Structures are given as structure tokens and as C-alpha cells.
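Remarks on the overall topology
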Amino acid sequence: MIEIQNLTRIYGTTAVVKDVSLTVETGQIAALVGTSGSGKTTLLRMINRLVEPSAGRVLIDGKDTAEIEPHLLRRQIGYAIQGHGLFPHRTVAQNISTVPRLLGWTQDQHRARVDELLELFQMEPADFRDRMPHELSGGQQQRVGVARALAARPDLLLMDEPFGALDPVIRAKAQQDLRDIQRQLGTTLIIVTHDMEEAVTLGDRIAVMDKGELLQYGPPSEILTTPATSFVSDLIGTGDRPFRLLSLTPVAEIIAEGQAEGAEIPREASLRDALAECLWSGRDRLPVEGGGIVTLDSLRAQAAPTARAAE
Ligand SMILES: Nc1ncnc2c1ncn2[C@@H]1O[C@H](COP(=O)(O)OP(=O)(O)OP(=O)(O)O)[C@@H](O)[C@H]1O
């Protein structure tokens, strides 16, 4: 569990992070969102002490990080940044094994770990381990950046706009991979993004920041349905909100009895996918794989509470 308590950072006379407190449970993902300059990166960097807090403290599993040597703390915490930050003159394997080598793992151990991670990220080890970063695509570089952050099996991973440079299709795949891997490993993840869509897709909790202050911290559904301030509402974008809410719920949750014509929709597809399918194919009901149907009326009803909240 990560407990951020009254964290403040002052530069000159300006507090760029103001008295922020939030808790991230073990194995959960917290997404920090907000406009440019709202203090997200500074908050993230105070967790691994790349930036020292002016006031407040961070506890990791009850231990105050101020009591841990910064370089030792950083070896325990994975850190991935936008543009991946790979060492350009080191191979993929050397990049990934940076922290394991610092921690004194044997050569056999870190080699095995490199291959394991490359496989996890669907990159054939024999093909990729000896390549240089410039011999990779942007998406592959990004995956190696995340693999490097995970190499020493950190319980906590901090990510700062890790997918900012990726095109939307690769980005969606990268988010899915990250979520799968995070669930598989049970890693606690704190991710900075300025993309609300990404925050909703990945976050178990979303923290909304503005001018150094934490305006709201809660599950995506709460942020979408009951934004705490007009700033949060603006950030969400009123028009898109019903769709974003629909994207959180799988079809399996609103299956009704009945029959319908046409292609089936998977049970794990989101309500947003189902609505898109209804609108696209001109159907008012879709058959669901494994039995039952989902109706356009029930999809509209699911979107309605947010429409009311937006009024
Ligand atoms: N070392 C520094 N010295 C002085 N001011 C700083 C320093 N680092 C950050 N700031 C200021 O603190 C504020 C918050 O910066 P921060 O990088 O945390 O914001 P952010 O929300 O991550 O923004 P972005 O989305 O643009 O990356 C900004 O106004 C920035 O100019």
C-alpha cells in the first residue's frame, strides 16, 4: 500500500504540489490526470525521491521513504517515462537488465529475466535481445522501456506518460498489455497521463489535479458520474461522458433473456462496443455469445444516469 500524506513541493515561492494526500492499495492502478503544469510529474517523482518533498511524507507498506537512501529506494521502484528513456548505446538485454545488475543478480539470473520479459511482451528473445534501441519500432522501444522498469520485479511501478508517443492503435494494445501484465504480477502502479480516456481504461482510481491541488480521487465511475468540480467535469468532457461510462461495463452485466438476429457480441465486450454495434448495424438488439441478448433500450438506460448528472 502506498500512502501519500500531505505532500507539498515548493519551488521559489510557488507550491507546485499542495498538500496532496491519497492512498493506493496494493495491486491497484492509480492514474494521475490533469492539465499541463498541474504537478502530476512532481507528485510522481516525490514517490521515488527524484524530487524531495518540501513537506509531507510517503509511506510504502507502512515504511517512511524518507528513511530509505534515495538510490536504494529507486532500485525497489520501477520507473518508466515517456519516450522510454532507453540507453541508446546499450543492447535491449543490457537495457532491461540495468537494475538487476545493480542489485547483483548473477549473469544467469538476469539473462533469464530478460528472456522472460521479452516473451511476456511478445518479442522473440533470440531476435530482439541483441538489438540496439534504434533498431526497434517506437512501440517496441516503449515495451522495452516498460520491461526494464519491471525487470527487478518491483512491487511498485511509476509511469510518466509511458504511451504518450504511441499512435492510438498501438497505444490501446500497449494499455491492454500493461493491464494484463500488471494483474498477472500484482504490481501496484501509479501512472501519470493527460489523457482521460487512458485514465478511465487503466485506473482503478483516478486522481484529478489542477494547479498543484488534488481535486478529486475516486473510481472512474464516480469521477464520470459525480465530478467534484466544474474543472473535473470539463476535463472529462460532458459530451463523451456517457460513452466513457459505458466503456467501463461488460455486456455480461446486462444480458436479458431472448433471441436476436445477426452476429453475436462477446460477453466481455463493453457496453460501448455493443452500442456502437447496434448503431452501426441498425439493430435494436444483439445476441450475446453463450446465450441471451443485449438491447438498445438497456444500453440507453445505462447511459442515462450520466446524462442526468451532466445536466
Ligand atoms: N525544477 C523545477 N523548478 C521550478 N519549477 C518547476 C520545476 N519542476 C517543475 N516545475 C514547475 O512545477 C509545475 C508542475 O510541473 P509538473 O511537471 O509536475 O507538471 P505536470 O502536471 O506533470 O505537467 P505536464 O503534463 O506538462 O508534464 C510547473 O509549473 C513547472 O513549471
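Every value quoted in this text rests on a predicted model; they were computed, and no experiment measured them. (Residues numbered from 1 in each chain as written. Predicted model: local features only at pLDDT ≥ 70, side-chain atom pairs only at ≥ 80, totals over all residues. Heavy atoms only, no water.)

A few points about unusual backbone geometry
Even without glycine at this site, Asn-6 takes up a positive phi of about 50 degrees. When you line up the elements, Asn-6 lands in strand β1 (residues 2-11). Since its relative accessible area comes to 42%, Asn-6 is described here as partly exposed. Its identity is not glycine, yet Asp-61 carries a phi of approximately 45 degrees, on the positive side. For Asp-61, a relative accessible area of 55% gives the class exposed. (Helix = DSSP H or I, 4+ residues; strand = E, 2+ residues; numbered from the N terminus. Buried < 20%, exposed > 50% of the residue type's maximum accessible area, 1.4 Å probe, protein only.)

Topic: the sheet that holds strand β8 (residues 188-192)
Read across the open sheet, the six strands follow the order β6-β7-β8-β3-β9-β10; overall the sheet is mixed. Two strands close off the open sheet at either side, each with one partner strand: β6 (77-81) and β10 (213-218). Averaged over all pairs of adjacent strands, the angle between their axes in this sheet comes to 15 degrees, without regard to strand direction. One ladder, built from five bridges, connects strand β3 (residues 29-34) with strand β9 (residues 205-210); its direction is parallel. Bridge assignment links Ala-30 to a residue of β9, and that residue is Arg-205. (Pairing = 2+ DSSP bridges. Axes fitted to C-alpha atoms, helices over the stretch in contact; angles between N-to-C directions.)

Quick word on the nonpolar core
In this structure, Ile-96, Phe-121, Met-159, Leu-178 and Ile-206 are the most contacted members of the largest nonpolar core, which totals 40 residues. Per element, the largest residue contribution to this core is five residues, and it comes from helix α7 (residues 138-150). Beyond its immediate sequence surroundings of up to four residues, Phe-121 is in contact with Arg-143, Val-146, Ala-147, Leu-150 and Ile-181. If you look at the next biggest cluster of nonpolar residues, it comprises 25 residues, including Val-51, Ile-77, Ile-190 and Ala-207. (Core = buried A, V, L, I, M, F, W, Y, C linked by side-chain atoms within 4.5 Å. Contact = heavy atoms within 4.5 Å.)

What about the pattern of salt bridges?
For side chains of opposite charge, pairing can occur when their charged atoms come near one another. Enumeration over the complete set of coordinates arrives at 12 salt bridges. In this structure, Glu-213 engages Lys-18 in a salt bridge whose closest nitrogen and oxygen atoms are separated by 3.8 Å. Here Lys-18 lies in strand β2 (residues 14-24) and Glu-213 lies in strand β10, a separation of 195 residues in the sequence. Note that Arg-113 and Glu-116 form a salt bridge whose closest N and O atoms lie 3.1 Å from each other. Highlighted residues: Arg-113 and Glu-116, both in helix α5 (residues 107-120), separated by three residues, approximately one helical turn. Judged by relative accessible area, Arg-113 falls into the buried class, the value being 5%. Through salt bridges with shared partners, a single ionic network connects Arg-113, Glu-116 and Arg-153. (Salt bridge = Lys/Arg side-chain N within 4 Å of Asp/Glu carboxyl O.)

What about the domain arrangement of the chain?
In terms of domains, the chain is made up of domain 1 (2-236) and domain 2 (243-310). Each of domain 1 and domain 2 has a C-alpha centre, and these two points are 33 Å apart. Between domain 1 and domain 2, the contact holds eight residues from the first and seven residues from the second. Between domain 1 and domain 2, a total of about 650 Å² is buried, with carbon and sulfur atoms accounting for 62% of that surface. It is Glu-197, Leu-224 and Thr-225 that lose the most area in domain 1 upon contact with domain 2, and together they represent 62% of the buried surface on that side. The interface formed by domain 1 and domain 2 includes zero salt bridges. Counting the contacts that link domain 1 with domain 2 gives zero residue pairs in polar contact (both at pLDDT 80 or more). For the side of domain 1 that touches domain 2, the secondary structure elements donating two or more residues are α9 (196-202) and α10 (220-225). (Domains from an automatic or database assignment. Buried area = accessible area lost by both parts, 1.4 Å probe. Polar contact = N/O pair within 3.5 Å; in protein donor to acceptor, adjacent residues only side chain to side chain.)

Observations concerning the site of the ligand
For the ligand, the full set of nearby residues is Tyr-11, Val-16, Thr-35, Ser-36, Gly-37, Ser-38, Gly-39, Lys-40, Thr-41 and Thr-42. At a separation of 3.0 Å, an oxygen atom of the ligand approaches a polar backbone atom of Gly-39. For the ligand, an oxygen atom lies 2.5 Å from a polar atom in the side chain of Thr-42. The fraction of the free accessible surface of the ligand (630 Å²) that becomes covered by protein chains is 55%. If you tally residues by element for the shell around the ligand, the top one is helix α1 (residues 40-47), at three residues. Residues that form the shell around the ligand fall into these classes: two nonpolar, seven polar and one charged. (Near = heavy atom within 4 Å. Areas by Shrake-Rupley, 256 points an atom, 1.4 Å probe, with all protein chains shown as cover. Nonpolar A, V, L, I, M, F, W, Y, C, P; charged D, E, K, R; others polar.)

Quick notes on the sheet that holds β2
Pairing in this open sheet of four strands is antiparallel, and the strands run β2-β1-β4-β5 from one edge to the other. At either end of the open sheet lies a strand with only one pairing partner, and these are β2 and β5 (63-64). For strand β4 (residues 55-60) and β5, the ladder comprises two bridges, and the chain directions are antiparallel. Among the inter-strand pairings, Ile-60 is bridged to a residue of β5, identified as Lys-63. Docked against the sheet, α1 engages β1, β2 and β4, running at close to 120 degrees with respect to β1.

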